[in-house]
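Here is how the chains run, residue by residue.
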Protein chains: 4
Amino acid sequence: MEQLLTLDDAERMAEAALPPDAWSYIAGGAGDERTLRWNRDAFSQYRLRPRVLVDVSSVETETTVLGSSVSMPVLVAPMAFQQIAHEEGELATARGAAAAGTLMCVSTVATATPGQIAAAAPEGQHWLQIYVFRDRQVSDGVIEQALEAGYSALVLTADLPVYGIRHREARLGFEAPEHAVPAIVEARSRGGEAGGHHSLGLLESGLEWTYVTELVGRWGVPVLVKGLVTSEDAMLACEHGAAGIVVSNHGGRQLDGAIASLDALPEVVDAVGERAEVYLDGGVRRGADVVMALALGAKAVLVGRPALYGLAINGSKGVAQVLEILREETENALALLGCRSPAEVTRAHVARAT
Amino acid sequence: MEQLLTLDDAERMAEAALPPDAWSYIAGGAGDERTLRWNRDAFSQYRLRPRVLVDVSSVETETTVLGSSVSMPVLVAPMAFQQIAHEEGELATARGAAAAGTLMCVSTVATATPGQIAAAAPEGQHWLQIYVFRDRQVSDGVIEQALEAGYSALVLTADLPVYGIRHREARLGFEAPEHAVPAIVEARSRGGEAGGHHSLGLLESGLEWTYVTELVGRWGVPVLVKGLVTSEDAMLACEHGAAGIVVSNHGGRQLDGAIASLDALPEVVDAVGERAEVYLDGGVRRGADVVMALALGAKAVLVGRPALYGLAINGSKGVAQVLEILREETENALALLGCRSPAEVTRAHVARAT
Amino acid sequence: MEQLLTLDDAERMAEAALPPDAWSYIAGGAGDERTLRWNRDAFSQYRLRPRVLVDVSSVETETTVLGSSVSMPVLVAPMAFQQIAHEEGELATARGAAAAGTLMCVSTVATATPGQIAAAAPEGQHWLQIYVFRDRQVSDGVIEQALEAGYSALVLTADLPVYGIRHREARLGFEAPEHAVPAIVEARSRGGEAGGHHSLGLLESGLEWTYVTELVGRWGVPVLVKGLVTSEDAMLACEHGAAGIVVSNHGGRQLDGAIASLDALPEVVDAVGERAEVYLDGGVRRGADVVMALALGAKAVLVGRPALYGLAINGSKGVAQVLEILREETENALALLGCRSPAEVTRAHVARAT
Amino acid sequence: MEQLLTLDDAERMAEAALPPDAWSYIAGGAGDERTLRWNRDAFSQYRLRPRVLVDVSSVETETTVLGSSVSMPVLVAPMAFQQIAHEEGELATARGAAAAGTLMCVSTVATATPGQIAAAAPEGQHWLQIYVFRDRQVSDGVIEQALEAGYSALVLTADLPVYGIRHREARLGFEAPEHAVPAIVEARSRGGEAGGHHSLGLLESGLEWTYVTELVGRWGVPVLVKGLVTSEDAMLACEHGAAGIVVSNHGGRQLDGAIASLDALPEVVDAVGERAEVYLDGGVRRGADVVMALALGAKAVLVGRPALYGLAINGSKGVAQVLEILREETENALALLGCRSPAEVTRAHVARAT
């Protein structure tokens, strides 16, 4: 049997375990998948600069995100429709993340309600990712359920005003399990009609920055904006009250040709300064990637597909396994970098390849 | 059956549909085909910088070219001998372009007269590409026919004073269907002799910038110069009255080693300023490419081979299909870029890869 | 039979000669083996600038290291467990290095005692590489034995506070022959317990720069620090009394993503100035590589795996053969560079590729 | 039968026509053949900037080298032992070069005397390449014969003080046909002993710049120095009276890792100014390469291996054929660049790829 030692192992094992159309949805990107590849390749454009003869007999990977403690600077990114990877879907992911001691960002289009997911892992921490339905009452309902279930922040996805052009899905005829998504079922029951070929047509494509202000003012929890890759938008996010920014291009699934997340990170970090926490999403597969992102100013990273790989392989245990691999690698990278904690990683620990 | 979702699909399907020698003429480039590849590769040297939380509930791809409205910032480039791709040749291309709502630039060495082509798509818009015969009366005759048929601009090809060295054609013995080209038939009937191995030997290799002045002064329609890749020549074009410039290296078919069109675009745009409209020709295969060119200052792009792919696959419907794919991709890219129209794309939407 | 003309030949022959698990330990690197590859690739980022019409009828490869004469600016790097490559292990390596007229740096975790190794090659020169056991008496014992046997310097490995993540070893289940390592046997007999899955868990992970000061003050021989890749640490090494620095990332076996040795060399050389000798370890496979390192300021280079390749192929003779290939290539490269000795190589003999 | 349309065709055909050991000598380079590849790859790092609407109805490839007229800015580089490619060896090459209207640089270690070669192509132009034997009377004898036969310049090879390390030759056991080389036969008959494994051991490795002065003062013909790749040596060449410089790394056959010829060209051109003519040798396979070299300041280029390919395929006719391909490509490239002659090519016709 294949050994699960790395996230690349997990990818191969997950591909073998899943039907092709489900895999096409999970693994694919937009267009020619250039941004998808760049997200990963960007890490090879930087070089770590380890420091030596530092006492690293005790290294901790724990850090805080928006003030809450997590076991590592690695969170689970929001991903839709997780039942396509495993019958227990988000419930298993939540258990896996909790077992690994880190936070899960739950998608609006999860195949379970926010409450069910929280209940599956009562010791876990959760943020709610928000897609905004044209029928605002649907979105508001999901938010209310999540806050009631103890979710501690809202993560507004900003880079899906329309759906990206994803050929892998189209070629294999992937169809989202909409019937299993409470939010979509609710939207349809209220008469919502998809504008396009699938449920994402129910979503609002006219959102503006004022919506961030609205979210910040209304719900009493921190709001993060996810899907920024420019300093201009990072400044707008701060001006509109965001407590955090997730630098992301939606895993290369939206605008093919967009800049890689890691390449955008420094300009966002510089623009934000101390006004908000900056997170990186996209391309992280190794502990060395995690510390690279920290060195370039990220507070933590989010991993999406790798968590689904674990889910597909072995449910909640697979998720925990993948996260634990990343945690161990991060611990090892910190020690070899001469850092006793994520907070000790600085921009001097990384250099651009020449 | 293969799915036609992308222009790369169209390329594969066209290659399968055409005899090898016709394909060699359509697909090939000069020399080692470096410039041919660079034209395409250049797009991967830039990164799109999408902006988010802009209301893109209504995105329009319509734009104007030399003041006329077209459905998208994508025109059909001039290409010779289109009967080699499909028996209906330029007539079908004209119908396809008109169906897609955009303009076709008709070649002097078309396998139909300008009038026939216009008549095939009376609702279409047409520009006339000009090759200058040594016997000027032949060229003048073609221009007169075109203007009579309502063509609205003249596009002087400047980068074919002699024919490029194209080995694919030579190896397979491709021969142009000269008998089907009214302009060539006319030139030969008037005693014209080819200087080289084929009909392009009938053309003038001694043209100078004064010819642009002559065209501008004589025919009463805007004149564009096609085939420039330097700021120096762009300034000369403006000084000689050109209303537009098509940055192009003839699809990599003339001087192998020449700079890629996209790489030349910024210097041309900077040199021209507001004096003329600048177009890009070469390597465009995706909506993301279209917006990249717009970001670097192009008013619109021209696509050549992709239109022929569509023509080869399915005549006028194939042409329209290819153009519609590009239009949809452009609309999607605009929305994801945070732009509601081509005019909203700025240089800040693109960055050079580092 | 395959010809042994280059170190790449030796690599192929050694791989064929060794069992897969031993090979995994010798050849493998950490993580995705990016740093392992970068160590080698870095040499292709520089260009040699040979000078001509210099009288090179007499070229010498001899140089000095810490004042002692060696036959070439190439030393044998410290490597653990050499019996896995050949039953005679370090004894044969010592004989091969001595035969080639150069110095061997002996590992603390050798499969023979320092005294046995020195006795095997009484005419040879030896430095002792130091891993520090948590039980300091074990380390001190090894040092005492070495100094008694005439070893002339101590080389403190600074980049292994914890063990790198090496998947090749893990996948094949490589186990170090701990029973054959006197230092480990001693540590265990004194009740030492490995903190991790193998003997390196016996080592100290809390070392700081003061330990360098301690070594310098206590043993009366020069101390080198091995495993630096930053100017910051190079300055600290000088400040703490190091007589030499080995720029190294442990052959790509520790922190994957770390900068290549050669890329780090210039900043270390600039930081150190005349205060210490700087050595390069990592990626050297050719005489041209040796002179490149000299041009960038190295006093000499260390080769690790290539010596093991020779050992695996043909014991001490194989080691000598590999070293002699490097010496001849270095002599050839010096002559073609217009240099009569290693000392004549300057930074003007190399340029960064553009 | 394969078509001979390009120099790459000629390469494939020659490889098929020759025994492997002869091919190893002709095609191989030193070490890992990095410099051999870089010589070719360097041309892809530049971009041509064609100018349009220039009257190129009459384009001439003729130029002058050291004041003499040749049919194109392409000369035949000196190459040893040409009988290994074809039984008529240098005699056929001389005829082919003469037929193509260009100059041949004859090697000291030709398999015919300078007089025989000149007699084979009385209408041809010849320069003599010089290797200096330790027994100077041998070299002087060759020079005397050449000048008597009308050779018009001496080309001192400066980059072979010792022989490069060429593994292809070694692996296949290539042996030079020394018995067929009059200069070597003479040297041996005078008691010369090779210092190394073959005849090149008869050569002097102690030459210095004063030898250039000596050549210039003694023989009354212009002297070129071949094998420079640095501005420093270019200035020394000028100071010692060289009329010309051939920027070359001996076709990648001497110091592997040395800078590519084309990359070294600009610094040499800048250092030399108007004091001498600068030539480029290495990697030219296309007319586009020729004009690129002209744009970077070369007066002409030399081609070595391609001439041998022609020789191997079809004797003197093959040489002429290869040269005529290059001439036609150069003419085409000049026209498409907007230049009516080699003299019109300027540095503005080329740009570094970004």
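The structure displayed is predicted, hence computed values, not measured ones. (Residues numbered from 1 in each chain as written. Chains lettered and ligands numbered in written order. Predicted model: local features only at pLDDT ≥ 70, side-chain atom pairs only at ≥ 80, totals over all residues. Heavy atoms only, no water.)

Visitor: Got a minute to help me understand the overall build of chain A in this structure?
Guide: Counting its secondary structure elements, chain A contains 13 helices and 12 strands. Taken against the 2.2 N^0.38 rule, which gives 20 Å for 354 residues, the C-alpha radius of gyration of chain A at 19 Å falls within 12% of a compact globule. Along the three orthogonal principal directions, the C-alpha set of chain A runs to about 65 × 50 × 40 Å. Taken as a whole, chain A presents about 11,600 Å² of accessible surface, with 48% of it coming from carbon and sulfur. (Helix = DSSP H or I, 4+ residues; strand = E, 2+ residues; numbered from the N terminus. Rg over C-alpha atoms; globule rule 2.2 N^0.38 Å. Areas by Shrake-Rupley, 256 points an atom, 1.4 Å probe, with all protein chains shown as cover.)

Visitor: Looking at this model, I keep getting lost on helix H12 (residues 287–295) of chain C. Mind explaining?
Guide: It helps to recall that an α-helix has 3.6 residues per turn; residues three or four apart then point in one direction. Residue and element names in this part refer to chain C. The buried fraction of H12 is high, at 9 of 9 residues. Buried residues of H12: Gly287, Ala288, Asp289, Val290, Val291, Met292, Ala293, Leu294 and Ala295, and no others. Immediately beyond the C-terminal end of H12, within one or two residues, lies Gly297, with a positive phi of roughly 110 degrees. (Buried < 20%, exposed > 50% of the residue type's maximum accessible area, 1.4 Å probe, protein only.)

Visitor: Just to check I follow, could you spell out the interface of chain D and chain B for this structure?
Guide: Often, the extent of an interface is quoted as the loss of accessible area upon association of its parts. Taken together, the contact pairs 33 residues of chain D with 38 residues of chain B. Taking both partners together, chain D and chain B bury about 2,900 Å²; carbon and sulfur atoms supply 54% of that area. Per-residue buried area on chain D facing chain B is highest for Val52, Leu53 and Leu336 of chain D; these three make up 26% of the total on that side. Counting the contacts that link chain D with chain B gives 6 salt bridges. A salt bridge links Asp233 of chain B to Arg51 of chain D; the shortest N-O distance between them is 2.9 Å. Put simply, chain D and chain B have 14 residue pairs in polar contact (both at pLDDT 80 or more) between them. Mapped by element, the contributors of at least two residues to the side of chain D that touches chain B are helix H1 (7–17), strand S1 (46–48), helix H12 (287–295) and helix H13 (305–337) of chain D. By residue number, the principal contributor to the side of chain D that touches chain B is H13 of chain D, which donates 7 residues. A breakdown of the residues in the side of chain D that touches chain B according to their chemical character gives 16 nonpolar, 6 polar and 11 charged. (Contact = heavy atoms within 4.5 Å. Buried area = accessible area lost by both parts, 1.4 Å probe. Salt bridge = Lys/Arg side-chain N within 4 Å of Asp/Glu carboxyl O. Polar contact = N/O pair within 3.5 Å; in protein donor to acceptor, adjacent residues only side chain to side chain. Nonpolar A, V, L, I, M, F, W, Y, C, P; charged D, E, K, R; others polar.)

Visitor: Help me out: how do you make sense of the interface of chain C and chain A in this one?
Guide: The partner chain A presents 33 residues to the 38 residues of chain C that form the contact. Taken over both partners, the interface formed by chain C and chain A buries close to 2,900 Å², and the fraction arising from carbon and sulfur atoms is 54%. Considering only the side of chain C, the residues that lose the most area to chain A are Arg34, Arg171 and Leu255 of chain C, jointly responsible for 21% of the buried surface there. Counting only elements with at least two residues in the side of chain C that touches chain A, the list comes to helix H3 (34–41), helix H7 (167–172), strand S8 (223–228) and helix H10 (231–239) of chain C. Counting residues per element, the side of chain C that touches chain A draws most heavily on H10 of chain C, at 4 residues. A class-by-class count of the residues in the side of chain C that touches chain A yields 18 nonpolar, 10 polar and 10 charged.

Visitor: Can you walk me through the environment of Val74 of chain B in this structure?
Guide: Residue and element names in this part refer to chain B. By secondary structure assignment, the location of Val74 is in strand S4 (residues 74–76). A residue is classified by how much of its surface remains accessible, and Val74, at 0% relative accessible area, is buried. Excluding its chain neighbours within four sequence positions, the residues that come into contact with Val74 are Thr102, Val290, Ala300, Val301, Val303, Leu323 and Leu326.

Visitor: Can you walk me through the environment of Val290 of chain D in this structure?
Guide: Residues and elements named next belong to chain D. When you line up the elements, Val290 lands in helix H12. For the pair Val290 and Gly273, spaced 17 residues apart in sequence, the C-alpha to C-alpha distance is 20 Å. Non-local contacts of Val290, meaning those with residues more than four positions away in its chain, are made with Pro73, Val74, Val284, Val301, Leu326 and Thr330.

Visitor: How do you make sense of the relation of the copies chain C and chain A when you look at a structure like this?
Guide: Relating one copy of the chain to the other requires a rotation about an axis plus a shift along that axis. Overlaying chain C on chain A yields an RMSD of 0.0 Å, the required transformation being a rotation through 90 degrees with an accompanying axial translation of 0.0 Å. Both copies of the chain, as the preceding transformation shows, are related through a four-fold rotation axis. Closest approach to the rotation axis among the C-alpha atoms of chain C is made by Thr354 of chain C, whose C-alpha sits 7.2 Å away. (Least-squares fit on C-alpha atoms with pLDDT ≥ 70 in both.)

Visitor: How do you make sense of unusual backbone geometry when you look at a structure like this?
Guide: Note: most peptide bonds trans; most residues except glycine with negative phi. One non-glycine residue, His250 of chain B, lies in the positive phi region at around 65 degrees. Mapped onto the elements of the fold, His250 of chain B is located in the loop between strand S9 (244–247) and helix H11 (261–272). In the Ramachandran plot, Leu53 of chain C falls in the positive-phi region, its phi being about 55 degrees despite a non-glycine side chain. Mapped onto the secondary structure, Leu53 of chain C falls in the loop between strand S1 (46–48) and strand S2 (63–65).

Visitor: Where do I start with the pairing of strand S9 (residues 244–247) of chain D in this structure?
Guide: Regular strands have side chains that alternate between both faces of the sheet. Residue and element names in this part refer to chain D. Alternating residues of S9 divide into Gly244 and Val246 and Ile245 and Val247, and every residue in both groups is buried. Judged from the 4 bridges that link them, strand S8 (residues 223–228) and S9 form a sheet pairing that is parallel. Within the sheet, the bridge partner assigned to Lys226 lies in S9 and is Val246. Handedness of the crossover joining S8 and S9 through helix H10 (residues 231–239): right-handed. (Pairing = 2+ DSSP bridges. Right-handed = clockwise from strand over helix to strand, strands pointing away.)

Visitor: Would you take a moment to explain the packing of aromatic side chains for this structure?
Guide: We describe a pair of aromatic rings using the distance from one ring centre to the other and the angle between the two ring planes. In this structure the tally under the stated criterion is 16 aromatic pairs over all chains. Between Tyr25 of chain C and Phe174 of chain C the ring centres are 4.5 Å apart and the planes differ by 15 degrees, which places this aromatic pair in the stacked class. With Tyr25 of chain C in helix H2 (residues 20–27) and Phe174 of chain C in the loop between H7 and helix H8 (182–189), the pair connects residues that are 149 residues apart, well separated along the chain. Counting every residue linked through ring pairs, the aromatic cluster contains Tyr25, Phe81 and Phe174 of chain A. In this structure, Arg352 of chain A is placed above the aromatic ring of Tyr46 of chain A, and the distance from its NZ or CZ to the ring centre is 4.8 Å. (Phe/Tyr/Trp six-rings, centres within 6.5 Å; stacked < 30°, edge-to-face > 60°. Lys NZ or Arg CZ within 6 Å of the ring centre and 35° of its normal.)

Visitor: Looking at this model, I keep getting lost on the pairing of strand S5 (residues 103–106) of chain D. Mind explaining?
Guide: Residue and element names in this part refer to chain D. Alternating positions in S5 separate into two faces, Leu103 and Cys105 on one and Met104 and Val106 on the other, with burial throughout. Pairing analysis gives 4 bridges linking S5 to strand S6 (residues 125–130), with the strands arranged parallel. When the sheet's bridge partners are listed, Met104 is paired in S6 with His126. What joins S5 to S6 is helix H5 (residues 114–120), and the crossover it makes is right-handed.

Visitor: Is there a simple way to explain the environment of Leu147 of chain D in this structure?
Guide: Residues and elements named next belong to chain D. Along the polypeptide, Leu147 turns up in helix H6 (residues 136–148). As a C-alpha pair, Leu147 and Thr330 span 183 residues in sequence and 31 Å in three-dimensional space. Apart from residues lying up to four places away in sequence, Leu147 is in contact with Leu154, Trp219 and Val221.

Visitor: For this particular structure, what's the right way to read H6 of chain D?
Guide: Residue and element names in this part refer to chain D. Taking 1.5 Å as the rise per residue, H6 with 13 residues should run 18 Å; its terminal C-alpha atoms sit 18 Å apart, in good agreement. Along H6, the positions that sit buried rather than exposed are Val138, Ser139, Asp140, Gly141, Val142, Ile143 and Ala146. Once H6 finishes, Gly150 follows within two positions and takes phi at roughly 95 degrees, a positive value. (Expected span 1.5 Å × (residues − 1).)

Note that all results are geometric; they support no functional claim without further evidence.
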